[in-house]
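Next come the chains, spelled out residue by residue.
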Amino acid sequence: MRSVEDHYWWYQALRQHVAASINPATPNFSLLDAGCGTGGMLAALREKFPEAELTGIDASDQGVDLTAGRQLDARLVTASVNELPFPADSFDFVVSLDVWSHAGVDDALAAHETHRVLRPQGKLILNLAALEFLKGAHDKAVDVVRRYNRLQVRTLLEGAGFEIERLTYWNATLLPPIALVRWLSRMRLARAPAEARSDFRPLPGPVNSMLRGVAALELSASRHLSLPFGTSVFAVARKKHG
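Draft legend 1. Here's a closer look at the environment of arginine 46. Residue placement: arginine 46 occurs in helix 3 (residues 40-48). When the C-alpha atoms of arginine 46 and alanine 74 are compared, they prove to be 8.7 Å apart, with 28 residues separating the residues in sequence. In this structure arginine 46 touches Glu51, Ala52, Leu54, Leu72 and Asp73, once residues within four positions along its chain are discounted. A polar contact is formed between the side chain of arginine 46 and the backbone oxygen of alanine 52, at a distance of 3.0 Å.

Draft legend 2. Local environment of helix 4 (residues 61-68). Within helix 4 the residues assigned to the buried category are Gly63, Val64 and Thr67. In an axial view of helix 4, the angular spread of the buried residues amounts to 100°, which keeps them on one side of the axis. Turned more than 90 degrees away from the buried face of helix 4, the exposed residues are Gln62 and Asp65. The opening residue of helix 4, the one whose side-chain oxygen lies 3.2 Å from the backbone nitrogen of glutamine 62, is serine 60.

Draft legend 3. Region of the structure containing the pattern of salt bridges. Applying the stated criterion to the full structure yields eleven salt bridges. Across the salt bridge formed by aspartate 6 and arginine 70, the nearest N and O atoms sit 3.1 Å from each other. One end of the pair, aspartate 6, is in the loop between helix 1 (2-5) and helix 2 (9-20); the other, arginine 70, is in the loop between helix 4 and strand 3 (75-78), with 64 residues separating them in the sequence. Aspartate 6 sits in the partly exposed class, given a relative accessible area of 26%. The class for arginine 70 is buried, based on a relative accessible area of 18%. Linking glutamate 113 and arginine 116 is a salt bridge whose minimum nitrogen-to-oxygen distance equals 2.8 Å. Note that glutamate 113 and arginine 116 are positioned in helix 5 (residues 107-117) at a spacing of three residues, about one turn of the helix. Given the relative accessible area of 12%, glutamate 113 is considered buried. When its relative accessible area of 27% is taken as the criterion, arginine 116 is described as partly exposed. Residues joined in a network through salt bridges with shared partners are Asp6, Arg15 and Arg70.

Draft legend 4. The arrangement of the packing of aromatic side chains in detail. All told, the structure shown has six aromatic pairs when counted by the stated rule. Measuring from centroid to centroid gives 5.5 Å for tryptophan 10 and tryptophan 170, while their planes differ by 25°, and the two rings are stacked. Note that tryptophan 10 is positioned in helix 2 and tryptophan 170 in strand 6 (residues 162-170), a separation of 160 residues in sequence. The class for tryptophan 10 is buried, based on a relative accessible area of 8%. The exposure class of tryptophan 170 is buried, given its relative accessible area of 0%. What links up through ring pairs into an aromatic cluster is the set Trp10, Tyr11 and Trp170.

Draft legend 5. Broad picture of the environment of threonine 26. Its location among the elements puts threonine 26 in the loop between helix 2 and strand 1 (30-34). Accessibility expressed as a relative area gives 38% for threonine 26, which makes it partly exposed. In this structure the C-alpha to C-alpha distance between threonine 26 and threonine 55, which are 29 residues apart in sequence, comes to 17 Å. At 3.1 Å, the side chain of threonine 26 and the side chain of asparagine 28 are in polar contact.

Parameters and conventions
- Residues numbered from 1 in each chain as written.
- Predicted model: local features only at pLDDT ≥ 70, side-chain atom pairs only at ≥ 80, totals over all residues.
- Heavy atoms only, no water.
- Helix = DSSP H or I, 4+ residues; strand = E, 2+ residues; numbered from the N terminus.
- Contact = heavy atoms within 4.5 Å.
- Polar contact = N/O pair within 3.5 Å; in protein donor to acceptor, adjacent residues only side chain to side chain.
- Buried < 20%, exposed > 50% of the residue type's maximum accessible area, 1.4 Å probe, protein only.
- Arc of directions from axis to C-beta.
- Salt bridge = Lys/Arg side-chain N within 4 Å of Asp/Glu carboxyl O.
- Phe/Tyr/Trp six-rings, centres within 6.5 Å; stacked < 30°, edge-to-face > 60°.

So, in structure tokens, the structure goes:
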């Protein structure tokens, strides 16, 4: 994933949208990337917000080491989103991208922990895999064990004390071909369970650029309307109280 993610259309579009969704009151705001992976999101945030106080956690030592290799001037800790090693009211923003759906994560606990470490009126920016019928070999390869619909995300966030500002699906345009690919991959997995592979692999430049443009257009539109379906669900939620 480290060799693909910085140039892959899906990551590029999502990271641009996340960065655009952050509206800090001061340039030295504090932000936690809860499940930073190999540091791509933190790198994009450091480029846009050079004075921000950035922190990243990941359950994988390897992910933390790869993030450290980017030299981002960020505090990095090996930890789980189930138990964030920070005091209450520590951050202005928490970003968590495709983490709560993973094996080993208790999503309700992660939501409450995120609420705890946010400051009052702080914001969570969340992305999760959507729709159970899209499960396939990709999910197995990247350790995704659950997918969400919009109602499930709303229930999860409101149950932890969040006020939802935006909640939408995205990547709707590509849902039909992706659904077909995932269905075929489930058929292959049934015959050869050990052959799970991620969908994410290098694409020709023009194809990658076209797909990034489509995804960016959808995400931009989702600021004004909630898309009715898609392969991912995106939320912005605010901590209502301490």
